[in-house]
Amino acid sequence: MDVSHLLDELNDAQREAVTAPSGHVLVLAGAGSGKTRVLVHRIAWLIQVEHVSPLGILAVTFTNKAAGEMRHRTGEMLQISTRPLWIGTFHGIAHRLLRMHHREVGLPEGFQILDSEDQLRLIRRIIRDEGLDETHWPSRQAQWFINARKDEGQRPKHIEHNDHPVTATWTHVYQRYQEYCHRGGLVDFAELLLRAHELWLEQPEVLDHYRKRLQHLLIDEFQDTNTIQYAWLRMLAGKSGNVFVVGDDDQSIYGWRGAKVENVQLFVRDYPDVATIRLEQNYRSTGTILNAANALIAHNQGRMGKKLWTAGETGKNIHLYAAYNEQEEARYVIECIKRWIDGGRKPSDAAILYRTTAQSRLFEEYLLRESIPYRVYGGQRFFERSEVKDALAYLRLLNNPNDDAAIERVINKPTRGIGEKTISDLRLQARESGLSLWQAIGESLKQGVLASRAASAVGAFVKLVSDMQERLADFTLGNQIQGVIDDSNLVQAYEKEPSERRETREENLRELVNAADRFILPGEDADAGLTELQSFLSHAALEAGETQGEAWDDCVQLMTMHSAKGLEFPLVFIAGMEDGLFPHQRSIEDAGGRLEEERRLCYVGMTRAREELCLSYAEVRRMHGSESFSRPSRFIEEIPEELIEEVRPRAAIQRPYVPASRSQARDRVARTHVPNQAWPFKLGQPVVHKKFGEGTVMAFEGQGDHTRVQVNFDQAGAKWLVLAYAGLQAA
Ligand code: ATP
Ligand code: MG
């Protein structure tokens, strides 16, 4: 058998991993060393050489996009249909399992996925219903609490609160939330994983079936699995499954969301016979980029440690640009991209990476101005737009009218005279009698407890939904969506908005109909017994948080560093390299490992670059409505100076003296620690500000009129202020 197509283009260590005998394998290696490539080749190897049935393989990746690519690559290599292969994200795979086994886990057949926005709405409502004051009990915090508990595998009954009032209250909210979801057949993202785990725990014969069938489990980006994902995996593997994981502890960047890099150590402990393979050659980046990334990450403690090298070229130095403000930064980046394109390169070769989504707006503005096509990932994605969600909510009611979240969303959209009072009465009735809102509405109408105006308005809504269900039942998906948009008269809800906005909404609704027309029921969903409608709704919910469609059109790519994981681009910009923004202020203040996680994020960002990397920072940045001065990110300092070439601001060249060199940036940081006669306060001195209240002086920088002072306010947190205008008083 000729297997050269599986093994050519692999180095020795990669080949060792791909061809490893059955058993457990851990591939631990740095960025760009071919981990993902090895995983794909391993799948092909198992099928072609080991004669493993495609039905016996489960491969898990971090994004739907990566899953799609993996499927495509495998199909190409093997020239077989990849339909029987289970390839997907943990959430996607859990969803599929639950569809097939909804009865065993106690879910209705038409259960609906609740995305995080709808989840938050529902939680907010519960908090209000419980009579809690939202300023003290913020719904986001409750959402975070609930999801974190679920990620740890805990139901309300498992949470010990030992009279701890905050935990006790959130546990109570969790309990109520769970009841609502149960009545409405709603499943949030964390619940998908939790239920899939409970399926294993409570249905041994189902587990046994999958254990026998799925003998080979392969996981990419293993460093970012959380507790419940790992527990799920271990149960599935049992004693006989072969687990093949690839990962990089230096790229663990989702700790804030419950990911446990410790799972790598656990894995080695739980499977003592594991073969650990390290890949050390990087095929992605130039020597310069790689050395810079290696030097940066060396500042973290307790790494598993690895050295990456490349046989590739040294390449250009890393560019560092000190912009005066964020506009100037955007202008510079776009100018570079323009030059790149004028030089014959493709727009899609360039990526602009940043720490927070809000940073994309200015880049978009400048790209538009230059008519350069671009695409933002992680902004408000199509399925998250409110009109699209409104139409989908009607569609969900066709599928399942007990979906409380959908009813809440559209019961009075467009307005049909159902007042807030009526709705809260209905909620109360639902809660008291343990019914869904839809059922409570039915009961109230039957018993005639609503005032006559309210009753007729609510009655009209019930009739609308029932008529739609009947009229649209046999329509194609596209026609169903068009039908709910027409019948509900949804566009009326936007009537009072400015015409431009309204037109965009209408356009988006048309696009939704098109998307439904184009939708083809994926084979694996058909196998799981999903209807076209259910499958479409699930895709809309599961992919809302991610890229979709013709993502790789020839556009400049804009995204956060988090969403850039696993990807690569010839030209990469990392913007906003400022202390407080990146590393993020929260992580600087945090005593735990957050700063190290930010550093890993920086490592991920830098190692996306193949040929050129450009870092930039703004000296002044407007954020949250106020301007602040910042110092260059400490991460810049951690890159060896000789790998960096500072690009001078264009405007500065006309000045007689250029103060913005890198060593001066360094001085500026250092200066903050040296006392200066001209400072009216001492470091550490308590001060008072009119608006921000009391605080402590942390640092000074700049001179004369430009002197800035950093104060850590007790209430408002750390801020940079211009000393001359701050009006600070000694406390
Ligand atoms: P990350 O940690 O960022 O996820 P990775 O370790 O998964 O990276 P890959 O994305 O698999 O790395 O590979 C990085 C790049 O190197 C890809 O362009 C891949 O095609 C290429 N590559 C990997 N191995 C080889 C090889 N043996 N020969 C040539 N190119 C390779
Ligand atoms: Mg990878």
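What counts and how
Residues numbered from 1 in each chain as written. Chains lettered and ligands numbered in written order. Predicted model: local features only at pLDDT ≥ 70, side-chain atom pairs only at ≥ 80, totals over all residues. Heavy atoms only, no water. Buried < 20%, exposed > 50% of the residue type's maximum accessible area, 1.4 Å probe, protein only. Helix = DSSP H or I, 4+ residues; strand = E, 2+ residues; numbered from the N terminus. Pairing = 2+ DSSP bridges. Axes fitted to C-alpha atoms, helices over the stretch in contact; angles between N-to-C directions. Contact = heavy atoms within 4.5 Å. Parallel < 35°, antiparallel > 145°, perpendicular 65-115°, else oblique. Nonpolar A, V, L, I, M, F, W, Y, C, P; charged D, E, K, R; others polar.

J.: Residue-level account of the pairing of strand β1 (residues 25-29), with values.
T.: Most of β1 sits out of view: five of its five residues are buried. Side chains of β1 alternate between two faces, with Val 25, Val 27 and Ala 29 and Leu 26 and Leu 28 buried alike. Where β1 meets strand β8 (residues 275-279), five bridges bridge the pair, whose relative direction is parallel. Directly across from Val 27, in β8, lies its bridge partner Ile 277. In the sheet, β1 pairs with strand β7 (residues 242-247) via four bridges, with the strands oriented parallel. Across the sheet, Val 25 pairs through a bridge with Phe 244, a residue of β7.

J.: Let's hear about unusual backbone geometry: which residues, and what values?
T.: Put simply, Lys 413 and Pro 414 share a cis peptide bond, and its omega is 0°. With respect to the helices, strands and loops of the structure, Pro 414 is situated in the loop between α17 (404-410) and α18 (420-433). Each neighbour pair has its own omega, and for Phe 582 with Pro 583 the value is 5°, a cis peptide bond. Along the polypeptide, Pro 583 turns up in the loop between β13 (569-574) and α25 (585-589). Here the phi dihedral of Glu 9 falls at roughly 65°; this positive angle occurs in a residue that is not glycine. Considering the arrangement of structural elements, one finds Glu 9 in the loop between α1 (4-7) and α2 (12-18). With relative accessibility at 64%, the residue Glu 9 sits in the exposed group. The backbone of Asn 489 shows a phi angle near 60°, a positive value even though the residue is not glycine. Relative to the assigned elements, Asn 489 resides in the loop between α21 (477-488) and α22 (499-518).

J.: Lay out the sheet that holds strand β17 (residues 686-689) in plain terms, naming residues and giving numbers.
T.: What the five strands build is an open sheet, ordered β20-β19-β18-β17-β21; its pairing is antiparallel. Each having just a single partner strand, β20 (717-722) and β21 (729-730) make up the two edges of the open sheet. Sheet topology places strand β19 (residues 708-713) next to β20; six bridges connect them, and they run antiparallel. What sits directly across from Gln 710, in β20, is Trp 720.

J.: Talk me through the sheet that holds strand β3 (residues 86-89); I want residue IDs and the actual numbers.
T.: Spatially, six strands are ordered β3-β2-β6-β7-β1-β8 in an open sheet, and the strand pairing comes out parallel. Each edge of the open sheet carries a strand with a single partner, namely β3 and β8. For this sheet, the mean angle separating the axes of adjacent strands, direction not counted, is 15°. Sheet strands touched by helix α12 (residues 263-270): β1 and β7. Its angle to β1, the strand with the most contacts, is close to 150°.

J.: Please give an account of the environment of Leu 542 that cites residues and values.
T.: On the secondary structure map, Leu 542 appears in helix α24 (residues 532-542). For the pair Leu 542 and Val 173, spaced 369 residues apart in sequence, the C-alpha to C-alpha distance is 25 Å. Each residue touching Leu 542, except ones within four places of it in the same chain, is listed here: Asn 64, His 91, Gly 92, His 95, Ile 113, Phe 189 and Leu 192.

J.: Go over the packing of helix α7 (residues 139-151) against helix α8 (residues 165-184), please, and point to the residues and values.
T.: As a packed pair, α7 and α8 sit with axes 10 Å apart at the nearest point and diverge in direction by 80°. When the axis of α7 is compared with that of α8, the two are roughly perpendicular. Every residue of α8 that contacts α7 at Gln 141, Ala 142, Phe 145, Ile 146, Arg 149 and Lys 150 is listed here: Thr 167, Trp 170, Thr 171, Val 173, Tyr 174 and Tyr 177. The residue makeup of the contact of α7 with α8, split by class, is seven nonpolar, three polar and two charged.

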